[in-house]
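In case you want the letters, here they are:
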Amino acid sequence: MKNTGLILLSVALIVLTLAACSSNRSTSGNGDTAEGTGMVSGQPGTTGANSDEEAMSSNGKKTIVFSSFWPNEQYEQAAKAYEEAHPDITIKLQYGLSDEYSDDGGGEQTDADIEKFTTSTNAAMLAGKGPDLLDLRYLAADDYERHHLLEDLQSRMDGDKTFNKTNYFANVLDGGNSETGQFSLPLSFSLSGMVGDKAAIAATGVKFDDRAWTWDDFMTTGRELVAAKGKYDAVIVSGEGYQVGGKDYFVRSIVADNYGRFVDETSRKASFDSPAFASLLKQIKSMYDDGVAGSAGRGYFINASILSPEDYLTSLHAFGDETAFYVKPHADEEAAGTSFETRADIGINANSKVKDAAWDFLKYLMDHTSIGLPINKERFQDAIQVLKEQGTITPPSIDSQYSKPFKVDSAQLDQLEGFADAAARKRNESGKVLDIVAANTDAFFTGQKSAEDVARLIQNKAMTVLNE
Amino acid sequence: MSSRWLRRLRGDGVAVWLFLGPSLIGFSLFYLIPFVLGFYESFTDGALGGRFVGLNNYTDLLHSASFRKAAGNTMLFTAIAVPLLIALSLTLAVLLNRPLFLRSWLRTSFMLPLVVPVASVVTVWQIFFDWNGTLNAWLHELGFARVDWMQSNWSMTIVVVMYIWKNIGYDMILLLAGLQSIPKDYYETASLEGAGRFHQFWHITLVYLTPTMFFVLLISIINSFKVFRETYLLAGDYPYDRLYMLQHYMNNMFFELDVQKLTAAATLMVGCIVVMTSGLLRAERKFREYTE
């Protein structure tokens with residue numbers, strides 16, 4: 001009878017493991033069935049399975065599941081207002097962040113949440129489920145696009161008469177356009193440029209036209225500024241704001257600004273072995289050698305990203321009394337203009353059952369949210385108007401250091417829309433190719449390898465990435 | 001429980017299944033079923049319930065220059081590293097098979113790399129072979145030009161050395177066991193009849209070691225596919241293109257959610273390994289029949 005006992009035992013063990021698996025599934029199911037617009041944190045993605053049934057429920061009520069990593073007040077308000085205007089639609093917001101964000105020690109938990117958010121959303125999307133509408137932050141939008149997991153919004157925009165492109169900053173809107181269509185629309189964008197100490201520059205008497213300057217012009221201007229021996233030793237310091245970066249960061253940010261020049265994503269070709277890249281490297285090195293670029297302190301210009309009208313004035317105020325926003329230099333072949341980055345990019349799941357409703361809500365979001373620099377021109381002007389009426393800005397205090405409120409400079413503020421209109425180049429801030437560029441240039445700057453050797457190495461690795 | 005059931009349960013077959021069961025379930029659950037699912041996926045155009053597209057994914061895969069490079073690198077690595085490893089471990093085994101000073105200590109020391117965790121060793125190797133690392137510092141002091149070990153064609157050499165270092169002890173033990181199973185009389189008879197050292201090695205040792213050799217060859221080839229772990233830890237997900245192995249490709253495809261190319265590549269690789277192992281096993285059988 002020993003045998004029977006063993007069999008019973010092993011059967012019991014197997015049943016136990018199976019039960020453990022299925023119980024896991026049922027708990028996540030419980031989370032999904034939570035009703036209403038209340039946030040369902042934790043399991044993003046998994047909800048999509050249920051939304052199919054809910055979307056088709058008997059009374060014709062549709063549910064749009066909208067997933068975003070960061071909780072967003074604007075999304076909540078828009079969802080509420082939209083539900084009131086469309087009683088047949090329910091919008092369910094889900095967030096990837098499990099706890100409220102706090103500065104102290106929240107970082108690790110946030111990283112874990114991001115990982116959980118991306119992996120579970122990836123799995124759900126690949127399985128043809130997932131949320132109907134996605135805020136693509138932290139998600140691999142390019143990969144989704146390549147695998148046709150996102151709805152083509154280009155044809156949506158073309159086919160929808162109520163969608164009027166002139167209401168938006170068209171350059172920014174087209175920025176996400178790839179050869180196969182457009183798969184996400186930004187609700188907001190940021191401008192990347194330089195804040196310059198206008199008074200100090202005027203004192204040196206050096207003149208330039210930042211709306212049209214190329215890197216060569218910048219070099220010439222830079223040498224003149226250094227020769228004038230004015231207020232600062234250097235013209236520009238690598239980094240963002242007061243965060244000083246190294247030479248590798250400098251290269252990375254220039255390549256990011258001119259990504260299309262070195263990497264052709266369409267035909268999967270990199271051209272880092274071209275003389276242009278080697279000469280760019282040499283140019284950057286000579287900027288450091290000539291003192292145009294400094295490695296500490298600050299210079300006449302500071303790299304800055306403008307996230308919102310308020311941020312624009314705060315940055316200008318923080319870097320000096322008499323400052324101005326300048327457009328970054330561009331490569332010879334590129335169009336002159338500000339470089340920008342899209343933010344709050346929203347995509348529609350190609351496998352969603354409520355695509356039409358999701359598209360309608362996406363349009364609503366574009367017209368009724370005001371995040372950072374809004375893509376909608378009217379909301380943009382509203383945001384500026386609000387700031388003007390407010391009169392003063394109290395900058396966020398850093399390290400419990402009290403920062404004084406300052407007056408809103410209407411004249412400066414009026415120029416902001418001009419910069420937004422001039423937005424011409426989309427920055428590509430992330431990506432494996434950029435990481436490769438940043439990681440391999442050090443040997444050149446320390447003088448251990450020639451620019452051509454480094455360029456060849458970068459080309460070698462970049463092609464491996466692009467050929468996959 | 002009826003008596004018929006009990007009778008059936010007492011049979012031998014049940015015991016076999018009972019012992020095999022757990023490992024069979026584990027193997028199916030974690031290897032076989034996922035692989036079969038992946039095999040199916042490799043013929044469809046989307047994950048889970050995509051359309052059947054025939055060999056499209058395979059043509060896509062073969063059109064990817066990075067895949068071809070990866071496959072070439074993996075083959076090159078196996079072709080260089082495995083013969084070298086076997087030659088070296090055979091030499092060691094023969095040397096350690098005779099009375100030698102500190103023999104058991106030497107044997108143990110060759111086994112050590114097998115038990116040392118890879119991650120800890122890789123850090124040392126990284127520091128050693130870095131562009132600004134120890135080896136280049138020595139070269140510089142001796143007046144030679146330094147070499148970018150990890151970012152040039154030298155990188156393959158380094159991984160070959162690492163592979164040999166890691167696996168030589170294991171292969172040596174296997175070959176030692178094989179050597180000790182060869183009867184001593186053969187050598188005695190041979191030397192009585194005037195056969196020299198070389199003759200003995202060539203006509204006795206190598207011949208009687210061949211079955212072990214087949215096994216060692218198989219294990220070494222399989223281990224050569226596993227060198228990815230060391231390479232990945234040493235050089236990251238995009239190493240110099242000489243080092244870019246099939247597993248790098250698959251790993252990167254996984255992170256890019258490209259299930260189609262990933263499964264197609266895995267299927268091709270498994271196909272190649274199966275063909276190679278069955279070829280080896282057949283050769284071994286032939287050899288056995290021949291010696292008997």
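Residues numbered from 1 in each chain as written. Chains lettered and ligands numbered in written order. Predicted model: local features only at pLDDT ≥ 70, side-chain atom pairs only at ≥ 80, totals over all residues.

This next bit is on the overall build of chain B. In terms of regular secondary structure, chain B is built from 13 helices and 0 strands. Listed N to C, the secondary structure of chain B is α-α-α-α-α-α-α-α-α-α-α-α-α in terms of helices and strands. The globule rule puts the C-alpha radius of gyration for 292 residues at 19 Å, and the 24 Å found for chain B is more than 25% above it. On the principal axes, the C-alpha backbone points of chain B span a range of 75 × 70 × 35 Å. For chain B, the proportion of its 292 residues judged to be buried stands at 24%. Put simply, of all contacts in chain B between residues at least 6 apart along the chain, 71% involve residues at least 24 apart. (Helix = DSSP H or I, 4+ residues; strand = E, 2+ residues; numbered from the N terminus. Rg over C-alpha atoms; globule rule 2.2 N^0.38 Å. Buried ≥ 20, exposed ≤ 12 C-beta atoms within 10 Å, placed from the backbone. Contact = placed C-beta atoms within 7 Å.)

Secondary structure summary: chain A contains 19 helices and 19 strands in total. Looking at chain A residue by residue over its 468 residues, the buried ones come to 40%.

A separate point is the pairing of strand E6 (residues 185-197) of chain A. All names here are of chain A. The buried count for E6 comes to 13 of 13 residues, which makes it a mostly enclosed element. Taken together, the 2 bridges between E6 and strand E16 (residues 373-374) define a ladder with antiparallel strand orientation. When the bridges of E16 are listed, serine 188 appears paired with proline 374. Direction of pairing for E6 relative to strand E14 (residues 323-326): antiparallel, over a ladder of 4 bridges. The residue of E14 that forms the bridge with valine 195 is phenylalanine 325. (Pairing = 2+ DSSP bridges.)

Residue and element names in this part refer to chain A. Mapped onto the elements of the fold, glutamate 334 is located in the loop between E14 and strand E15 (338-348). Each C-alpha atom, one on glutamate 334 and one on leucine 281, is 18 Å from the other, the two residues being 53 residues apart in sequence. Ignoring any residue separated from it by four or fewer positions in sequence, one finds glutamate 334 in contact with Asn258, Arg261 and Arg425.

Residue and element names in this part refer to chain A. Extensive coverage of E15 is indicated by the burial of 10 of its 11 residues. When strand E3 (residues 133-135) meets E15, the two strands line up antiparallel, connected through 3 bridges. Within the sheet, the bridge partner assigned to aspartate 135 lies in E15 and is isoleucine 346. Two strands pair when backbone bridges link them, and E6 and E15 are joined in this way by 7 bridges, in the antiparallel orientation. Considered in E15, the bridge of serine 192 is made with serine 339.

Residue and element names in this part refer to chain A. Domain annotation for chain A reports domain 1 (32-187 + 345-374) and domain 2 (191-342 + 394-467). Contacts between the two partners involve 10 residues from domain 1, matched on the other side by 12 residues from domain 2. Per-class residue counts for the side of domain 1 that touches domain 2 are 4 nonpolar, 4 polar and 2 charged. (Domains from an automatic or database assignment. Nonpolar A, V, L, I, M, F, W, Y, C, P; charged D, E, K, R; others polar.)

Counting residues in hydrophobic clusters, the biggest one holds 110 residues, and the most contacted among them are Ile64(A), Leu133(A), Val235(A), Leu281(A), Ala358(A) and Leu362(A). Looking at this core element by element, the count peaks at 8 residues for helix H19 (residues 451-467) of chain A. Split by domain, the residues of this core number at least three in each of domain 1 (32-187 + 345-374) and domain 2 (191-342 + 394-467) of chain A. Setting aside residues up to four positions removed in sequence, Ala358(A) forms contacts with Ile64(A), Asp132(A), Leu133(A), Ile348(A) and Ser352(A). If you look at the next biggest cluster of nonpolar residues, it comprises 39 residues, including Trp125(B), Ile164(B), Val227(B) and Tyr249(B). (Core = buried A, V, L, I, M, F, W, Y, C linked by C-beta atoms within 7 Å.)

Under the domain assignment used here, chain B contains domain 1 (1-41) and domain 2 (56-291). The centre of domain 1 of chain B, based on its C-alpha atoms, is set 35 Å off from the matching centre of domain 2 of chain B.

Detailed reading of predicted coordinates is not advised where the pLDDT is low. Averaged over every residue, the pLDDT of chain A is 80; the share at 70 or more is 83%. Low pLDDT, under 50, characterises residues 11-58 of chain A; the stretch is placed with 63 contacts to residues that sit more than four places away or in other chains. (pLDDT = per-residue confidence, 0-100.)

The next thing to look at is unusual backbone geometry. Most peptide bonds take the trans form, and the phi angle of most residues other than glycine is negative. Residues and elements named next belong to chain A. At tyrosine 138, a residue that is not glycine, the phi angle is positive and equals roughly 75°. Counting through the fold element by element, tyrosine 138 comes out in the loop between E3 and helix H5 (141-146). Tyrosine 138 sits in the partly exposed class, given 16 other C-beta atoms within 10 Å. If you check the backbone angles, alanine 344 has positive phi at about 50° while not being a glycine.

So, about the packing of helix H3 (residues 56-63) of chain B against helix H13 (residues 259-291) of chain B. Residues and elements named next belong to chain B. Orientation of H3 relative to H13, taken along the N-to-C sense of each, is 85°, at an axis distance of 9 Å. For the element pair H3 / H13, the angle class is roughly perpendicular. Contact residues: Asn57, Tyr58, Asp60 and Leu61 in H3; Gln260, Lys261, Ala264 and Ala265 in H13. Counted by class, the contact of H3 with H13 contains 4 nonpolar, 2 polar and 2 charged residues. (Axes fitted to C-alpha atoms, helices over the stretch in contact; angles between N-to-C directions. Parallel < 35°, antiparallel > 145°, perpendicular 65-115°, else oblique.)

Residue and element names in this part refer to chain B. Taken residue by residue, chain B gives an average pLDDT of 86. The fraction at 70 or more is 95%. Within chain B, no element has a lower average pLDDT than helix H1 (residues 3-10), which sits at 59, and none a higher one than helix H4 (residues 65-96), at 92. We note a pTM of 0.74 for the whole complex and an ipTM of 0.76 for its interfaces.

On to helix H16 (residues 410-421) of chain A. Residues and elements named next belong to chain A. Buried within H16 we find Leu416, Phe419 and Ala420. End-on view of H16: buried residues confined to an arc of 95°, all on one side of the axis. Seen from the buried face of H16, the exposed residues on the opposite side, beyond 90 degrees, are Ser410, Ala411, Asp414 and Gly418. (Arc of directions from axis to C-beta.)

All names here are of chain A. Checked against the element boundaries, threonine 314 lands in helix H13 (residues 309-318). Remark: the alpha-carbon pair of threonine 314 and proline 374, spanning 60 residues in sequence, is separated by 18 Å. Residue contacts for threonine 314: discarding those within four places in its chain leaves Ile393 and Pro395.

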